[in-house]
Amino acid sequence: AQRVTQPEKLLSVFKGAPVELKCNYSYSGSPELFWYVQYSRQRLQLLLRHISRESIKGFTADLNKGETSFHLKKPFAQEEDSAMYYCALRTGGGNKLTFGTGTQLKVEL
Amino acid sequence: NAGVTQTPKFQVLKTGQSMTLQCAQDMNHNSMYWYRQDPGMGLRLIYYSASEGTTDKGEVPNGYNVSRLNKREFSLRLESAAPSQTSVYFCASREDRGNTDTQYFGPGTRLTVL
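The notes below deal with the structure included here. Computed from a prediction, not measured in an experiment: that's the story for all the values here.

1. Things to note about the overall build of chain B
Tallying secondary structure elements over chain B gives zero helices and eleven strands in all. For chain B, the N- to C-terminal ordering of α and β elements is β-β-β-β-β-β-β-β-β-β-β. In terms of overall size, chain B behaves like a compact globule, its C-alpha atoms giving a radius of gyration of 13 Å where 114 residues would be expected to give roughly 13 Å. Viewed in the frame of its principal axes, chain B has a C-alpha envelope of about 45 × 30 × 25 Å. Burial analysis of chain B (114 residues in total) assigns 50% to the buried set. Positive and negative side-chain charges in chain B, numbering 12 and 10 respectively, have mean positions lying 6 Å apart.

2. A short note on the nonpolar core
Residues and elements named next belong to chain A. If you look at the biggest cluster of nonpolar residues, it comprises 24 residues, and the most contacted ones within it are Trp35, Leu47, Leu48, Phe70, Leu72 and Tyr85. For this core, the elements supplying multiple residues, two or more each, are strand 2 (10–14), strand 3 (19–21), strand 5 (32–38), strand 6 (45–49), strand 9 (83–90) and strand 11 (103–108). It is strand 9 that contributes the most residues to this core, four residues altogether. The residues touching leucine 47, leaving out its near neighbours within four places in the chain, are Trp35, Tyr36, Val37, Ile56, Phe59, Leu72 and Tyr85.

3. Focus: the interface of chain A and chain B
How large an interface is tends to be reported as the accessible area lost when its parts come together. Across the boundary between the two partners, chain A contributes 16 residues, which contact 23 residues of chain B. For chain A, the biggest contributors to the area lost against chain B are Arg43(A), Asn95(A) and Lys96(A); these three give 35% of the whole. Inspection of the chain A/chain B interface yields zero salt bridges. Counting across the chain A and chain B interface gives six residue pairs in polar contact (both at pLDDT 80 or more). For the side of chain A that touches chain B, the secondary-structure elements that each account for two or more residues are strand 5, strand 6, strand 9 and strand 10 (97–99) of chain A. Residues that form the side of chain A that touches chain B fall into these classes: seven nonpolar, four polar and five charged.

4. A look at the sheet that holds strand 8 (residues 74–78) of chain B
All names here are of chain B. Read across the open sheet, the four strands follow the order 1-3-8-7; overall the sheet is antiparallel. Since the sheet does not close on itself, it has two edges, and those belong to strand 1 (4–7) and strand 7 (64–68), each with one partner. Neighbouring strand axes in the sheet, compared pairwise and without regard to direction, differ in orientation by 20° on average. The sheet contact formed by strand 3 (residues 19–25) and strand 8 spans three bridges and is antiparallel.

5. Focus: the pattern of salt bridges
All names here are of chain A. Tallied over the full model, the rule gives seven salt bridges over all chains. Its salt-bridge partner being glutamate 20, residue lysine 73 comes within 3.7 Å of it at the nearest N-O pair. Here lysine 73, found in strand 8 (residues 72–74), pairs with glutamate 20, found in strand 3; they are 53 residues apart in sequence, far enough to count as distant. On the basis of relative accessibility, which here comes to 30%, the residue glutamate 20 falls in the partly exposed class. Connected via shared salt-bridge partners are Glu20, Lys22 and Lys73.

6. Observations concerning the side chain of Thr103(A)
Examined against the element boundaries, Thr103(A) turns out to sit in strand 11. Ignoring anything within four residues of it in the chain, the contact list for Thr103(A) reads Gln6(A), Glu8(A), Lys9(A), Leu10(A), Leu11(A), Leu21(A), Ala83(A), Met84(A) and Tyr85(A).

7. Focus: the side chain of Gln25(B)
Residue and element names in this part refer to chain B. Position of glutamine 25 relative to the elements: it lies in strand 3. Residue glutamine 25 is classed as buried on the basis of its relative accessible area of 1%. Looking at glutamine 25, its side chain comes within polar contact range of the main-chain oxygen of lysine 71, at 3.0 Å. Excluding residues within four positions of it along the chain, glutamine 25 makes contact with Gly3, Val4, Met32, Arg68, Lys71, Arg72 and Ser93.

What counts, and where the lines are drawn
All residue numbers refer to position in the chain's written sequence, counted from 1. Chains carry letters from A onward and ligands carry numbers from 1 onward, assigned in written order. Note on the predicted model: pLDDT of at least 70 is required for a residue's local features to be given, and 80 or more for side-chain atom pairs to be given and counted; whole-chain, interface and lining totals, by contrast, use all residues. To get the side-chain values, take all heavy atoms of the structure and skip hydrogens and water. For the purposes of this entry, the term helix denotes a DSSP run of H or I that reaches at least four residues, the term strand denotes a run of E that reaches at least two, and both are numbered from the N terminus. In this setup the radius of gyration rests on C-alpha atoms only. A globule is expected at 2.2 Å times the number of residues raised to 0.38. Between buried and exposed lies partly exposed: a residue is buried under 20% and exposed over 50% of the maximum accessible area for its type, with that area taken using a 1.4 Å probe on protein chains only. The charge count treats Lys and Arg as positive and Asp and Glu as negative. His and the chain ends do not count. Charge placement uses NZ in Lys and CZ in Arg. For Asp and Glu, CG and CD serve respectively. Joining through side-chain atoms within 4.5 Å is the link that ties buried Ala, Val, Leu, Ile, Met, Phe, Trp, Tyr and Cys residues into a set, and such a set is a nonpolar core. Contact between two residues is taken to exist if any of their heavy atoms lie within 4.5 Å; hydrogens are not considered. Buried area, as used here, totals the accessible surface that two parts lose on assembly, with accessibility defined by a 1.4 Å probe and the loss added over both. The working definition used for a salt bridge is a side-chain nitrogen of Lys or Arg within 4 Å of a carboxyl oxygen of Asp or Glu. We call two N or O atoms a polar contact when they sit within 3.5 Å, provided that within protein one can donate a hydrogen and the other can accept it, with sequence-adjacent residues counted only if both atoms are side-chain atoms. Classification convention: Asp, Glu, Lys, Arg as charged; Ala, Val, Leu, Ile, Met, Phe, Trp, Tyr, Cys, Pro as nonpolar; all other residues, Gly among them, as polar. Strands are treated as partners if at least two bridges between them are detected by DSSP. Note on geometry: axes are C-alpha line fits, over the in-contact stretch for helices, and angles between N-to-C directions span 0 to 180 degrees.

Okay, here's the thing in structure tokens:
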């Protein structure tokens, strides 16, 4: 069965420091992965998807099939990056997403 | 566009009471979902509907029923609420353009069962 693991419940970094939010997945087929973000008092929203290979708000994520990982990275954290981040896996051909348990990122001044 | 709307925003129930959570979207999406969000558990899928007239169980369907009333509306019903159903409930709809998988979420309903 598919599974998404986010090992850190809370990640605290200083402003300007690099950020890496870890995500590992378990899936036997060809995975499609996403990062969703929930800012305080806002709705959960898509941040980026691996298939687009895009950078959003300075964040990037590379799918590493060998390590079954999709870590989210940003070279210099900003205060406005403080939020809950969820990694999600779409199983091939399905309509559903499997979410990880989330990582709360706190950027301190 | 209002996007995905949910009512109510907050609700307190006593054990055994029933209620229906309402969800509507105005983006003409075919797929709709109900999730629950619990601390340390992330988002877990309760039920989903790939199109009007169809519904399927997700990861945690026990104790819930759903109705896809029409393309816009997807309701979640708790027939006999239990304290274990205390949670934040999110409705979402999925953009069906090509192979995209963007899900758009509602603001959530915070439910407490005493």
